Amino acid sequence: MTDDILIRREGRAGRITLNRPGALNALTWEMCRAIDAALRDWAADDAVALVLIDGAGERAFCAGGDIAEMYRTGTEGDYDYGRRFWADEYRMNARLAEFAKPVVSFLHGFTMGGGVGVGCHVSHRIVDESAKIAMPECGIGLVPDVGGSLLLSRAPGRLGEHLGLTGARMRAGDAIHAGFADRFVPGDGWQALKAELCLTGDVTAIDGVAEAPPESALAARQAEIDALFAGETLDAIVAALRAAESELARDALEAVERNAPLSMGCTLEMLRRLRPGGTIRDALAQEYRFTYRSMAHGDFLEGIRAAIIDKDKSPRWRHTLDGLAQEDVARMLAPLEEAALDFGEEEAQP
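Residues numbered from 1 in each chain as written. Predicted model: local features only at pLDDT ≥ 70, side-chain atom pairs only at ≥ 80, totals over all residues. Heavy atoms only, no water.

1. Regarding helix α14 (residues 280–293)
End to end, α14 covers 20 Å across 14 residues, agreeing with the expected 20 Å (1.5 Å per residue, within 8%). Most of α14 sits out of view: ten of its 14 residues are buried. All buried positions along α14 are accounted for by Ile280, Arg281, Ala283, Leu284, Gln286, Glu287, Tyr288, Phe290, Thr291 and Arg293. Residues of α14 that are buried make contact with α3 (80–98), α5 (148–154), α13 (261–274) and α16 (326–332). (Helix = DSSP H or I, 4+ residues; strand = E, 2+ residues; numbered from the N terminus. Expected span 1.5 Å × (residues − 1). Buried < 20%, exposed > 50% of the residue type's maximum accessible area, 1.4 Å probe, protein only. Contact = heavy atoms within 4.5 Å.)

2. Remarks on the sheet that holds strand β2 (residues 13–18)
As a general point, the strands of a sheet are linked pairwise by backbone hydrogen bonds and lie either parallel or antiparallel. On the basis of which strands lie adjacent, the open sheet formed by six strands has the order β1-β2-β3-β5-β7-β9 and mixed pairing. One side of each edge strand has no neighbouring strand; the edge strands of this open sheet are β1 (5–10) and β9 (183–184). In the sheet, β2 pairs with strand β3 (residues 50–55) via six bridges, with the strands oriented parallel. Within the sheet, the bridge partner assigned to Ile16 lies in β3 and is Ile53. Contacts from helix α1 (residues 29–43) reach β1, β2 and β3 within the one sheet, and its direction differs from that of β1 by about 15°. Against the sheet, helix α8 (residues 190–200) touches β1, β2, β3, β5 (103–107) and β7 (124–127), its axis set at about 165° to β5. (Pairing = 2+ DSSP bridges. Axes fitted to C-alpha atoms, helices over the stretch in contact; angles between N-to-C directions.)

3. Details of the packing of helix α2 (residues 68–75) against α3
Contact pair α2 / α3: the axes reach a minimum separation of 8 Å and the direction vectors enclose 145°. Contacts between α2 and α3 involve Glu69, Met70 and Thr73 from the first element and Tyr81, Gly82, Phe85 and Trp86 from the second.

4. Structural notes on the pairing of β7
A regular strand places its side chains on the two faces of the sheet in alternate fashion. As judged from the four bridges shared by β5 and β7, these two strands associate in the parallel manner. Across the sheet, Val104 pairs through a bridge with His124, a residue of β7.

5. Observations concerning the pattern of salt bridges
Enumeration over the complete set of coordinates arrives at 27 salt bridges. As a salt-bridge pair, Asp45 and Arg9 come within 3.5 Å of each other at their nearest N and O atoms. Within this pair, whereas Asp45 is found in the loop between α1 and β3, its partner Arg9 is found in strand β1, the two being separated by 36 residues in sequence. When its relative accessible area of 43% is taken as the criterion, Arg9 is described as partly exposed. Note that Asp207 and Arg183 form a salt bridge whose closest N and O atoms lie 2.9 Å from each other. Residue Asp207 is found in the loop between α8 and α9 (217–220), and its partner Arg183 is found in strand β9; the two are separated by 24 residues along the sequence. (Salt bridge = Lys/Arg side-chain N within 4 Å of Asp/Glu carboxyl O.)

6. A word on the sheet that holds strand β8 (residues 132–134)
Read across the open sheet, the three strands follow the order β4-β6-β8; overall the sheet is parallel. In this open sheet, the two edge strands, each paired with only one partner strand, are β4 (60–62) and β8. Geometrically, the sheet is characterised by an average inter-axis angle of 15° between neighbouring strands, direction not taken into account. Note: strand β6 (residues 110–112) against β8, three bridges, orientation parallel. Each bridged residue has a counterpart across the sheet, and for Met112 the counterpart in β8 is Ala134.

7. Describing the packing of α13 against α14
With their axes 11 Å apart at the nearest point, α13 and α14 run at an angle of 155° to one another. By the angle class used here, α13 and α14 are roughly antiparallel. For the element pair α13 and α14, the recorded crossing hand is right-handed. In contact with Leu262, Ser263, Cys266, Met270, Arg273 and Leu274 of α13, α14 contributes Asp282, Ala283, Gln286, Glu287, Arg289 and Phe290. (Parallel < 35°, antiparallel > 145°, perpendicular 65-115°, else oblique. Left-handed = near helix turned anticlockwise from the far one by under 90°.)

8. Details of the pairing of β3
Burial analysis of β3 places six of its six residues in the buried class, the great majority of the element. Burial along β3 is two-sided: the face carrying Leu50, Leu52 and Asp54 and the face carrying Val51, Ile53 and Gly55 are both buried. Assessed by its sense of winding, the connection that carries the chain from β2 through α1 to β3 is right-handed. For β3 and β5, the ladder comprises three bridges, and the chain directions are parallel. Looking at the pairing, Leu52 lines up with Val104 of β5. (Right-handed = clockwise from strand over helix to strand, strands pointing away.)

9. With respect to the nonpolar core
Within the largest apolar cluster, 95 residues are counted, with the highest numbers of intra-cluster contacts made by Leu18, Ile35, Phe180, Leu241 and Phe300. Ranked by size, the runner-up nonpolar core spans 14 residues in total, among them Leu52, Trp190, Cys198 and Val203. (Core = buried A, V, L, I, M, F, W, Y, C linked by side-chain atoms within 4.5 Å.)

See below:
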């Protein structure tokens, strides 16, 4: 077992702690596989009444995936490493979402990208006053993945489009309003709650300490967001943002102008396809079509170069904001046939 993740039994709980605080608990491939293996073991263990997932340190539950090795192998022309990483991660995301026992996640600080996949599909999602949750993948040439597209598709009105295209961060009240979290428990009560959950294995302990969440800025702006992001295509949304004069529209346009056009166009199409009635497996299978192609035919490697490697913040995207054809979107999201994501017969059914 790697020190990057701590997996153990504590009372009636199976406990998973992401333990890379210096890296904001970014997920490695080994961590994804360890979570999946633990869930397999605990599913049939009657002594485990619930699963509790948290992150070490004060800054983050999990700020994303560890993409350095994906970049290194991808720039050498080896796309298989990233594809296998994503496939295993997505299978783990599905197992968490479909797990038959209660799973409680404690989402403090940054929860982004891969962290959303671990913490935001489970049955009981707790946030405190430090929460900052986001899906910023369009800024690095990806799409909201790890099942994030499903959460975005289910968000009220057009919040999914807004959050997916801009990567805007949600505080506690926003996350609950948008469907990324369930309950607000102030951080100074977390240790006692974790101890109670481990002792009793009873998730109703959350009810006794949960409080009314802070007001949601997104909820207050819901009508304006719905109007600005009502368009079915990237062109239509960009036109609406350019025509508006509000602070929200200006901030959103600034973010959209930074992000990868192909990623944003595909994000919109993914949300449309998932409405209504999409499942976690539908979302993950569709996301995998994009990530499978993202190095060879998308902007992922360039996005990582600009944001993480060279840090020049000047990515050279394949498309301009006004030059994205729907045919390019369709190609990225076309079925993979024999390479399609396989969840395996052993997976629990929803």
